[in-house]
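Read off the chains here:
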Amino acid sequence: MTLFIEQCLNGLQFGLLLFLLAAGLTLVFGIMDLVNLAHGSLYMVGAYFAATFAAWTGSFVLGALMALVATLIVGMAVEMIVMRRLYGRDHLDHVLGTFGLILFFDETVRLIWGPEGMSLPLPSWLNTSVTLLPGFDYSAYKFAIIVVTLAVAVFLYVLVMKTRVGMLIRAGASNREMVAALGVNIKLLYTLVFGLGAALAGLAGLMQAPILTVQIGMGENIIILAFVITVIGGIGSIRGAFIAALFVGFIDTLGRSYLPDFMRLLLSPDAAATAAPALSSMLIYLLMAVVLVAKPEGLFSQGGK
Amino acid sequence: MMSHLTPRNATVAALLVILVLIPAYTSLTGNVFMLLLFTRIVILAMAAVSLNLILGYGGMMSFGHAAYLGIGGYAVGILAFEGIHSGFVQWPVALLVSALFALVIGALSLRTRGVYFIMITLAFAQMAYYVVAGLARYGGDDGLTIQKRSQFIAPLNLTDKTQFYYVCLTLLFAALYLVWRLVNSRFGLVIQGARSNDTRMRAIGFPTYRYKLVGFVIAGTLCGLAGALIANHTDFVSPAMMYWTRSGDLIIMVVLGGMGSVFGPVFGAVALLVLEEALSGITEYWQIILGPLLLLVVLFARGGIDGLLRLADPKLKVGA
C-alpha cells in the first residue's frame, strides 16, 4: 500500500513537472499561434544554468533563482531575435525554424559546457526524506517539487484569471488582431509571454536536473510528452494542460510500475517481460489516440483554432 | 517548361548525370567513401520524395515520417535475424508493414488538422520508437546488426557496392516517376485541391479524407522501401533511425529542396547531406552553422533550392 502511495506521488510529481513545460508551450501556441519545438532547449538551458550557478555560488536555491532569471532572459532574447519573425507564418515554417534553433542550442551548449553533461547535487536539507504519514517516508526533494509546481500552477491561475496582464493574455488568445487594434502593446506582451514560457521550461529543467543528469538532448525526449499533453488538453488551454499533464504523469508512472506485474497474470513471464516495457511506454500515446478519436481538438479546446 | 533549357532544368539534368556517374568516379579514383555517401543520399532522397507527396502536394505536415524508415528497416532486420534472408520476402513485408502502420496512423491522424496533425504524427512516431527500443530480443536500444543483406536471384548481389548503389538509384527514379504520375493524375489534383481548400473540395463532392489517407499510405509505403534499403546499406538497424529528429531531417530536405516540385526533395537531400559532410569537415560544431542556416532558409528562401533556380530563370517573371 505504501508503495502504491509512493508511486501515486511520483506520478503526481512527474505530471506537475510536465505541466510546467506544457503550460509554456500551450501559452505560446494559444497566444502567438507559434509551434515551438525549441521549448525543450530552454528546459535544457535552465538545467545547465542551474548546475553552473549552483556550483558557482555554492547554494542550490540561489543557483536555481539565478538560472530562472537567466532562462527568462534567454527566452526573451530568442523571442526578440528569432520568434518575432516567425509569427503569422505557416506552421511548417515554425517547425523548421525552431528545429534549426534546437540544433543551434544543442551545439552551443556542447561548445560552452562540453559533451560530458553535468550533475547538480542536492543540498543535504533536501537530500533526505519526510514523513508524510506515520510509517510512510517520501523523498524530501520530490515532495518539494510537488509543492513548488503546485504553487506555480496557482500563480499561473491567478496571473491569467485575475490580473490585467492575464486578461490581455486571454484576450490575445481569443483574438490577437482585436487586442492589437485596441492599443495594447502586443509586441511587449508577446515577449513577456514567451519569456514566461521559457522560465517555466527552465524551472522544469532545473528541478529535474538533480534527479536525472544534465545533458545535451535532455529536452528532446521530454518535449514530446509536453506536446502530447498540449494535444490531449486542447492547444491553448492551460486548464486542459494541467489536467492532461496529471493524467499523463499518473498513467506513465503507474503503467511502468504495475503493468509488468499485471501482464504476468495474463501472459507467460517471458512474454510479459518482453511486452510490458513496450506497452507501458505506449500507454500515453494510446491515451492520446483515444482522446483525439473522441475529440479531435483535445479535451479543453479553445475553439476556432 | 520541360522543353526549355532553363537554369533549373539544366541543374536537374546535371545532378542526374552526376548521380549516375558516381560509381564511375569511385572506380576511377578509388574513393569508396563518395559512393557510400551517395548511396545514403539516394536512399534518404527517396524518403524525402515520399514525404513530399503528402507534405508538398497534400499539405499534410507529417512529423513522423522517419518511423517508416525504421519500420522498413526493422522488417528486414528482424526477418534476417530470424533466418529469412530472401529479399522477395523481406521487401514485400517491409512495404506491407509500413503500409499498415501508415493506414492506422493516417486514419487516426487525418481526423485532426493543422498543428494537431503535426503533433499527433510526431507522437505516433515516437510511440513506434519506444516500441522498437523495447524489443529486447532484437537488440532494444542498441540496435540490431544484420549479418546478411537481402538475397535476390543470381546476378543481383546487394553486397556489391556498385550494384547496390544502382539498385537504390533505380528505385529513386522509379519513386520520382511514380510521384510525378500521381501528382498529375486526378488523384493528385484532388489532394492538391484539398491542400488549398479542404472544405470546398468536400462541398463539391470529393471525400477528401479517403484521398488523403490513400496518399498518406502511399507515402508511408514508399518510405518503408527506403527503410529496407537503408538497413541493407548500413547492415544495421537501431531505434535512433526513427527518432523524431530524423523526421525533422526529412522535412528539412523537402523544404530545403523546394516543396511542391517533384524533384525538389532530391536537391534537398543532396544539399543537406553534402553540407553536413562539408561543415563537419570544417568544424566539430557544424550544427551551430546548420541551425541558423535553416532559420535563414525558412525566413528568406521559402521556395528552397528549386525556387531559387526558378528565380534564376530569365524567362520567368517573379511573382507572376
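Residues numbered from 1 in each chain as written. Chains lettered and ligands numbered in written order. Predicted model: local features only at pLDDT ≥ 70, side-chain atom pairs only at ≥ 80, totals over all residues.

This part is about the overall build of chain A. Each helix and strand counted, chain A has 11 helices and 2 strands in total. Listing every helix and strand of chain A by position from the N terminus yields α-α-α-α-β-β-α-α-α-α-α-α-α. By principal-axis analysis of the C-alpha atoms, chain A measures approximately 65 × 50 × 40 Å. Counting across all 305 residues of chain A, residues that qualify as buried make up 49%. Sequence separation of 24 or more characterises 77% of the internal contacts of chain A that already satisfy a separation of 6 or more. (Helix = DSSP H or I, 4+ residues; strand = E, 2+ residues; numbered from the N terminus. Buried ≥ 20, exposed ≤ 12 C-beta atoms within 10 Å, placed from the backbone. Contact = placed C-beta atoms within 7 Å.)

Here we come to the overall build of chain B. Along chain B, the regular secondary structure elements total 13 helices and 2 strands. In summary, chain B has a C-alpha radius of gyration of 19 Å against a globular reference of 20 Å for 320 residues, a match within 12%. Expressed along its principal axes, the backbone C-alpha trace of chain B runs to roughly 55 × 50 × 40 Å. In chain B, which comprises 320 residues, the proportion classed as buried is 51%. (Rg over C-alpha atoms; globule rule 2.2 N^0.38 Å.)

For the rest of this paragraph, the subject is helix H11 (residues 264-282) of chain B. Residues and elements named next belong to chain B. With 19 residues, H11 should reach 27 Å at 1.5 Å per residue; the first-to-last C-alpha distance of 27 Å fits that figure. Buried within H11 are the following residues: Gly264, Pro265, Val266, Phe267, Gly268, Ala269, Val270 and Leu272. On its buried side, H11 packs onto helix H1 (7-29), helix H2 (32-57), helix H10 (244-257) and helix H13 (304-311). (Expected span 1.5 Å × (residues − 1).)

Moving on to the confidence of the model for chain B. Residues and elements named next belong to chain B. With 97% of its residues at a pLDDT of 70 or more, chain B has an overall mean of 90. Looking at the elements of chain B, mean pLDDT is at its lowest for H13, recorded as 82, and at its highest for helix H9 (residues 208-234), recorded as 96. For this predicted complex, the interface confidence reaches an ipTM of 0.84, while the overall pTM sits at 0.88. (pLDDT = per-residue confidence, 0-100.)

At the junction of the two partners, chain A supplies 37 residues and chain B supplies 38 residues. For the side of chain A that touches chain B, the secondary-structure elements that each account for two or more residues are helix H4 (91-113), helix H9 (218-233) and helix H11 (269-294) of chain A. With 16 residues, H4(A) is the largest single contributor of residues to the side of chain A that touches chain B. For the side of chain A that touches chain B, a count of residues per class yields 25 nonpolar, 6 polar and 6 charged. (Nonpolar A, V, L, I, M, F, W, Y, C, P; charged D, E, K, R; others polar.)

Residues and elements named next belong to chain B. Taking 1.5 Å of rise per residue, 27 residues should cover 39 Å, and H9 covers 39 Å from first to last C-alpha, within 8% of that figure. In terms of burial, H9 is largely enclosed, as 21 of its 27 residues are buried. At the C-terminal side of H9, Asp235 shows a positive phi close to 55°.

With that out of the way, let us pick up the pairing of strand E2 (residues 136-139) of chain A. Taken residue by residue, a regular strand's side chains alternate between the two faces of the sheet. All names here are of chain A. Of the pairings in the sheet, the one linking strand E1 (residues 129-133) to E2 comprises 4 bridges and is antiparallel in character. When the sheet's bridge partners are listed, Thr131 is paired in E2 with Asp137. Hairpin connection, E1 to E2: the antiparallel pair is bridged by 2 residues, and Gly135 has positive phi, about 80°. (Pairing = 2+ DSSP bridges.)

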